[in-house]
Amino acid sequence: MLPPDALRRPLAAAARLALARAWARARPQVLASLATGPRQNNSIFYEIRTYDIKPSKMKDFVEMVNKYFHLRTAHSELVGFWSAELGAMNKVVHIWKYDNFAHRTAVRHALANDKDWQGKFISPALPLIEKQHNEVAYLVPWCQLGKPPKEGGVYEWVTFQMKPGGPALWGEAFQAAINAHINTGYTKLISVFHTEYGLLNTVHVIWWNESPDHRAAGRHSAHEDARVVAAVRDSVRFLESQKNVLLIPLECSPLK
């Protein structure tokens with residue numbers, strides 16, 4: 001008669017084999033559940049550039065941008081260019097659209113060899129800048145780049161730092177909160193970006209309002225709307241921090 005251990009060894013091996021087969025069958029579903037969520041169905045991305053300007057040189061920098069930035073926009077598409085009015089000081093933000101990363105590389109190479117751009121803007125502008133920062137971001141799949149209903153007005157740039165996990169974790173609740181604000185009618189959504197390079201799990205939302213006072217009145221009213229309150233309370237479960245800046249478009253900005 002075989003010892004008990006000898007009988008258990010074949011049974012244990014069979015159990016391990018069955019478990020391995022079950023894992024192999026389940027693995028595609030497990031990997032799929034790890035996806036960070038849907039994305040736009042193209043390679044287009046946006047580079048968000050933020051410059052801190054020396055306080056005594058802000059006026060000079062803005063004048064240079066308005067005078068010479070046509071040299072830069074000859075190479076690629078500028079989405080918008082703003083200066084901070086509230087929430088930050090002596091800061092400018094601009095957004096560039098690229099077809100793909102090869103497109104950006106070609107543009108950067110062309111700019112480096114553009115003598116007019118380098119001589120008339122870059123060389124005199126660099127001493128005016130204290131710090132530069134950039135991010136690469138995609139539009140979330142349920143948002144297209146919008147435009148304000150008219151020129152003038154102000155832009156509110158709201159940055160949300162979300163919990164790790166991507167849109168698969170917080171996307172549905174976040175979209176519901178954005179839509180709740182849109183449905184109040186007091187503000188116009190311009191874009192919702194999700195970072196790919198830079199600080200990850202960051203979402204930038206850009207709103208347009210007729211004026212700071214119009215925005216304040218509309219926001220106060222929205223926060224008394226039960227639908228907005230419910231949607232916001234649901235979405236903050238996934239929120240780590242947020243900040244906002246009131247922006248004024250420069251003369252060269254396509255979004256005015």
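In what follows, the structure referred to is the one given above.
Think of each chain on its own: its residues are numbered from 1, step by step along the sequence as written. Local features in this predicted model are restricted to residues of pLDDT 70 or higher, and side-chain atom pairs are both shown and tallied only at a pLDDT of 80 or more, whereas totals for entire chains, interfaces and linings draw on every residue. To obtain the side-chain values, all non-hydrogen atoms of the structure were included, while hydrogens and water were left out.

Draft legend 1. Structural detail: the sheet that holds strand S4 (residues 129–139). Whether two strands pair depends on DSSP finding at least two bridges between them. Helix and strand labels come from DSSP, where a helix needs a run of H or I of at least four residues and a strand needs a run of E of at least two; each type is numbered from the N terminus. Overall, antiparallel pairing links the eight strands, which are arranged S1-S3-S2-S8-S5-S7-S6-S4 in a closed barrel. Ignoring strand direction, the axes of neighbouring strands in this sheet form an average angle of 35 degrees. Sheet analysis places strand S1 (residues 45–53) next to strand S3 (residues 91–98), joined by eight bridges and oriented antiparallel. Across the sheet, residue Ile 48 finds its bridge partner in S3, namely Ile 95. To obtain an axis, a line is fitted to C-alpha atoms, over the contacting stretch when the element is a helix, and the angle between two such axes runs from 0 to 180 degrees between their N-to-C directions.

Draft legend 2. Up close: helix H2 (residues 58–73). The first and last C-alpha atoms of H2 sit 21 Å apart over 16 residues, in line with the 22 Å expected at 1.5 Å per residue. The angle between axes fitted to the seven-residue stretch ending at a residue and the seven-residue stretch beginning at it gives the bend at that residue. Along its length, H2 reaches its greatest deviation from straightness, about 50 degrees, at Lys 67. Listed as buried for H2 are Met 58, Phe 61, Met 64, Val 65, Phe 69, Leu 71 and Arg 72. Under the convention used throughout, the expected extent of a helix is 1.5 Å for every residue step, that is, one less than its residue count. The cut-offs for exposure are 20% and 50% of the maximum accessible area for each residue type, with area from a 1.4 Å probe on protein chains only; residues under the lower value are buried, those over the upper are exposed, and the others partly exposed.

Draft legend 3. Molecular detail of helix H4 (residues 115–125). Buried within H4 we find Trp 117, Phe 121 and Ala 125. For H4, the angular spread of buried residues about the axis comes to 40 degrees, placing them on one side. Contacts between residues were defined by any pair of non-hydrogen atoms, one from each residue, lying within 4.5 Å. Where H4 is buried, its residues touch H2, helix H3 (101–112) and S4. Throughout this description, a polar contact denotes any pair of N or O atoms lying within 3.5 Å of each other; where both atoms belong to protein, one of them has to be capable of donating a hydrogen while the other can accept it, and for residues adjacent in sequence the pair is counted only when both atoms sit in side chains. Its side-chain oxygen 3.1 Å from the backbone nitrogen of Asp 116, Asp 114 forms the N-cap of H4. In this description, one arc is meant: the one made by directions from the helix axis to the C-beta atoms.

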